[in-house]
Structures are given as C-alpha cells and as structure tokens.
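# Observations on the three-dimensional arrangement
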Amino acid sequence: MKTEKNILIAFILNLGFSIFEFFGGFFTNSVAILSDSIHDMGDAFSIGVSYFLEKKSKNGADKNHTYGYIRYSVLGGLITTVILMIGSVLVIYNAIGRIIHPVEVNYQGMIIFAIIGVVLNFIATYCTKDGDSINQKSVNLHMLEDVLGWIVVLIGAVVMNFTEITIIDPIMSIGVALFILANTFKNLRQVLDLFLEKTPQDIDIDELRKSLLKVDGVEDIHHIHVWSIDGFNNYATMHIVSKSQEIDKIKHEIREELEGHNICHSILETETEVCEEKECHPHLRIEEGYHHNH
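Treat the numbers as computed from the prediction; the structure is a model and nothing was measured. Within any chain, residue numbers begin from 1 and follow the written order of that chain's sequence. Residues qualify for local features only when their pLDDT is at least 70, as the model is predicted, and side-chain atom pairs are given and counted only at 80 or more; totals for whole chains, interfaces and linings, by contrast, use all residues. Side-chain calculation: all heavy atoms of the structure are included, whereas hydrogens and water are not.

Glancing now at the overall build of the protein. A helix here means a DSSP run of H or I that spans at least four residues, while a strand means a run of E at least two residues long, and both kinds are numbered starting from the N terminus. The helix and strand tally for the protein stands at nine helices and three strands. Scanning the protein from its N terminus toward the C terminus, one meets helices and strands in the order α-α-α-α-α-α-α-β-β-α-β-α. Accessible area is worked out with a 1.4 Å probe on protein chains only. A residue is then buried under 20% of its type maximum, exposed over 50%, and partly exposed in between. For the protein, the proportion of its 294 residues judged to be buried stands at 43%. It only takes one pair of heavy atoms within 4.5 Å for two residues to be counted as in contact. Sequence separation of at least 24 residues holds for 71% of the intrachain contacts in the protein that already meet a minimum separation of 6. In these tables, accessible area is a Shrake-Rupley quantity obtained with a 1.4 Å probe, and a residue counts as shielded only by the protein chains included in the view. Summed over its atoms, the accessible surface of the protein is roughly 16000 Å², and 62% of this surface lies on carbon and sulfur atoms.

Structure, rendered in structure tokens:
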C-alpha cells in the first residue's frame with residue numbers, strides 16, 4: 001500500500017505542475033519550460049499507468065496468473081523507464097537546437113517557476129525514494145530527473161540574468177539528460193533480466209548447491225533453477241537425491257537454507273538416485289555440444 005500511495009502522490013504533483021508550467025512557458029516565452037511541461041505531461045501519464053499496474057500487482061493468484069499479478073509492477077517499471085529514455089533523448093535534441101538557435105526568454109519568470117519546480121519535484125522525489133518495487137524506483141528516477149532539470153533551469157536563469165550567456169542552459173540540460181539516461185539503462189537491464197528469468201544477482205548457484213549438500217541425508221542436488229518474479233521475491237525448483245527415510249525433515253531443512261539465500265518459495269522433487277535427464281546435468285550438454293562441433 002505504501003508503494004501505491006507514493007506513486008499516486010508523485011502522479012498528482014507531476015500532473016498538477018505540468019499544467020502549471022505549460023502556462024508558465026507562454027508567460028516567460030521560455031522554450032525550456034514549455035518543452036519541459038510537455039515532457040512532464042508524458043511523465044504524469046507514465047506514472048498514472050505505473051500506479052494502475054502497481055495496484056493490480058497486489059492481486060492474489062488465480063487460475064490465469066498462478067504466481068499472482070506481481071510482475072505487473074515490473075511492467076509498470078518497464079513502461080516508465082522507456083518513456084523516461086525517450087524523454088531524455090528529446091531533451092538532448094531540443095537542447096542542441098537551442099545551442100544552434102538561441103531564444104529570448106524572461107529570466108525573472110524562469111527563476112520563479114524554477115524555484116516552484118524544484119520544491120514540488122523534490123517533495124515527489126522524497127515521497128518515492130524508499131520503494132519496494134522496480135516500478136517505484138523507475139518513478140523515483142523520473143522525479144529525480146525533474147528535480148535536476150529544474151535546478152539546471154534555476155542556475156541557468158540566474159547566470160543568464162547577469163551574463164546573458166544563453167548557451168549555459170542547454171549545455172546543463174544535456175548533462176542532466178545524459179546522467180538520467182545512464183541510470184535508465186541500468187533500470188532497463190534489471191527489468192529485462194526479470195522477464196528473461198535470469199538468475200538473481202545475489203544468488204550464486206554453485207555456492208547455493210554446496211550449502212544444500214551439507215544438509216544431512218542429501219546425496220546430490222541438481223536441476224537447480226532460480227529466478228525472481230519482481231526483483232525481490234525469488235523462487236527455486238530443484239531435484240534432491242536422498243535415500244533417507246526422513247525426507248520431510250530434509251525438505252524442511254533445505255527450505256530453511258533457501259530462505260537464508262533470500263528464496264521465499266521452492267518446489268523440491270525427491271529421488272533415490274540421480275535421474276538421467278540431460279537437463280539435470282548441464283555439463284553433459286556442454287560436452288555433447290563440444291563433440292558435435294569437433
């Protein structure tokens with residue numbers, strides 16, 4: 001609920017301010033403020049979508065979504081990240097245009113709007129800083145971009161008011177956009193890893209197997225698969241070889257060990273001897289591929 005509330009606050013602040021600065025852009029004759037208002041309206045739209053998907057992600061499992069709707073939150077993060085990347089590229093494009101063709105602006109008006117922009121977007125950034133989902137992290141990155149963008153507008157307006165060196169504003173805008181782009185690529189990579197069901201970064205399969213083999217009664221463990229639904233909740237399946245009569249006790253100890261590795265849900269299949277499926281033995285597939293190639 002906290003994550004949903006934070007995203008909703010960010011949405012309301014962003015939408016309200018984007019409308020406010022749209023009229024401010026005409027008042028100050030500032031292309032920077034006018035273009036940023038359009039950018040913020042896009043932000044507000046993406047944050048609204050993120051709020052809807054975050055809310056939906058809290059739905060429990062059903063016959064169509066047996067793991068629940070958790071990954072809808074990740075989808076919200078993906079949409080927000082892509083829109084943020086597009087927005088940053090557009091900011092760079094517009095900034096280059098302003099370097100080539102400088103415009104006359106109302107510096108005093110820019111300063112007033114920039115101060116309001118910094119304050120409101122800082123509040124939104126603060127509200128979304130502590131998140132428990134990739135979705136909220138993406139929204140927070142949106143808010144951080146807006147804060148930095150308005151700080152740039154404020155500094156640029158003050159400097160230009162005294163020096164009339166108009167090139168300062170677009171150059172600083174490009175710097176902020178590049179910083180945000182670097183962070184969005186990190187976010188995008190994390191989202192894609194989840195959709196591709198890559199092993200979570202904090203899980204070392206070899207180390208996990210070694211620790212599980214220390215459980216009394218376990219002769220072998222293979223066919224280990226670990227993935228994450230949303231970047232926080234990790235899942236695992238595996239085959240356990242054991243001839244012990246206390247298999248329930250062994251499963252209990254293994255699940256406790258898995259929880260220590262941040263794996264909250266596991267499916268454990270037990271066997272009395274190692275199965276012959278090639279999928280259970282990755283090294284066999286590697287050797288087979290090697291022989292085929294040679």
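A surface patch of nonpolar side chains, about 500 Å² in accessible area, is lined by Ile 96, Ile 99, Ile 100, Ile 165, Ile 167 and Ile 171. With three residues, the single largest contributor to the nonpolar patch is helix 3 (residues 71-100). Inspection of the secondary structure assignment puts Ile 96 in helix 3. Under the relative-accessibility criterion, Ile 96 is labelled partly exposed at 41%. Any residue with relative accessible area above 30% and no salt bridge may belong to a patch, with like charges joined within 9 Å and the nonpolar Val, Leu, Ile, Met, Phe, Trp and Tyr side chains within 5 Å. Salt bridge, as used here: a side-chain nitrogen of Lys or Arg that lies within 4 Å of a carboxyl oxygen of Asp or Glu.

Applying the stated criterion to the full structure yields one salt bridge. A salt bridge links Asp 220 to Arg 209, with the shortest nitrogen-to-oxygen separation between them at 2.5 Å. Pair noted here: Asp 220 is in strand 1 (residues 220-228) and Arg 209 is in helix 7 (residues 205-213), with a separation of 11 residues, a long-range link. Relative accessible area serves as the criterion here: at 31%, Arg 209 is assigned to the partly exposed category.

All right, on to the sheet that holds strand 1 then. Paired through backbone hydrogen bonds, the strands of a sheet run either parallel or antiparallel to each other. Reading across from one edge, 1-2-3 is the order of the three strands in this open sheet, with mixed pairing throughout. Every other strand in the sheet has two partners, leaving strand 1 and strand 3 (263-271) as the edge strands with one partner each. In this sheet, adjacent strand axes meet at a mean angle of 15° when their direction is disregarded. Note: two strands are recorded as paired if DSSP finds a minimum of 2 bridges between them. Examined bridge by bridge, strand 2 (residues 234-241) and strand 3 share eight bridges and lie parallel to one another. From the neighbouring strand, Tyr 235 faces strand 3, where its bridge partner is His 265. The convention used is that axes are lines fitted to C-alpha atoms, helices contributing only their stretch in contact, and that angles between N-to-C directions extend from 0 to 180 degrees.

To qualify as a nonpolar core, a set must consist of buried Ala, Val, Leu, Ile, Met, Phe, Trp, Tyr and Cys residues joined through side-chain atoms within 4.5 Å. Leu 208, Met 238, Ile 254 and Leu 258 are the most contacted members of the largest nonpolar core, which totals 16 residues. Broken down by secondary-structure element, the contributors of at least two residues to this core are helix 7, strand 1, strand 2, helix 8 (247-260) and strand 3. Aside from chain neighbours lying at most four places away, what touches Leu 208 is Ile 203, Ile 224, Val 226, Leu 258, His 261 and Ile 263. In this structure, Tyr 107, Ile 111, Ala 114 and Val 118 belong to the second largest nonpolar core, which totals 11 residues.

How two helices pack is summed up by the angle between their axes together with the distance between the axes. Close contact between helix 3 and helix 6 (residues 168-195) brings their axes to 8 Å; oriented N to C, the two are set at 155°. One element, helix 3, and the other, helix 6, form an angle in the roughly antiparallel class. In this structure, helix 3 meets helix 6 at a crossing whose hand is left-handed. The residue inventory of the contact of helix 3 with helix 6, partitioned by class, reads 22 nonpolar, five polar and three charged. Note on terminology: angles under 35 degrees are roughly parallel, angles over 145 are roughly antiparallel, angles of 65 to 115 are roughly perpendicular, and the others are oblique. Crossing chirality is assigned from the near helix's rotation relative to the far helix, an anticlockwise turn below a right angle marking it left-handed and a clockwise turn marking it right-handed. Each residue gets one label: Ala, Val, Leu, Ile, Met, Phe, Trp, Tyr, Cys and Pro are nonpolar, Asp, Glu, Lys and Arg are charged, and the others, such as Gly, are polar.

What follows deals with the packing of helix 7 against helix 8. At a closest axis distance of 10 Å, the pairing of helix 7 and helix 8 adopts a crossing angle of 145°. Along this stretch, helix 7 crosses helix 8, giving a crossing that reads as right-handed. On helix 8, the residues touching Leu 208, Ser 211 and Leu 212 of helix 7 are Ile 254, Glu 257 and Leu 258. A breakdown of the residues in the contact of helix 7 with helix 8 according to their chemical character gives four nonpolar, one polar and one charged.

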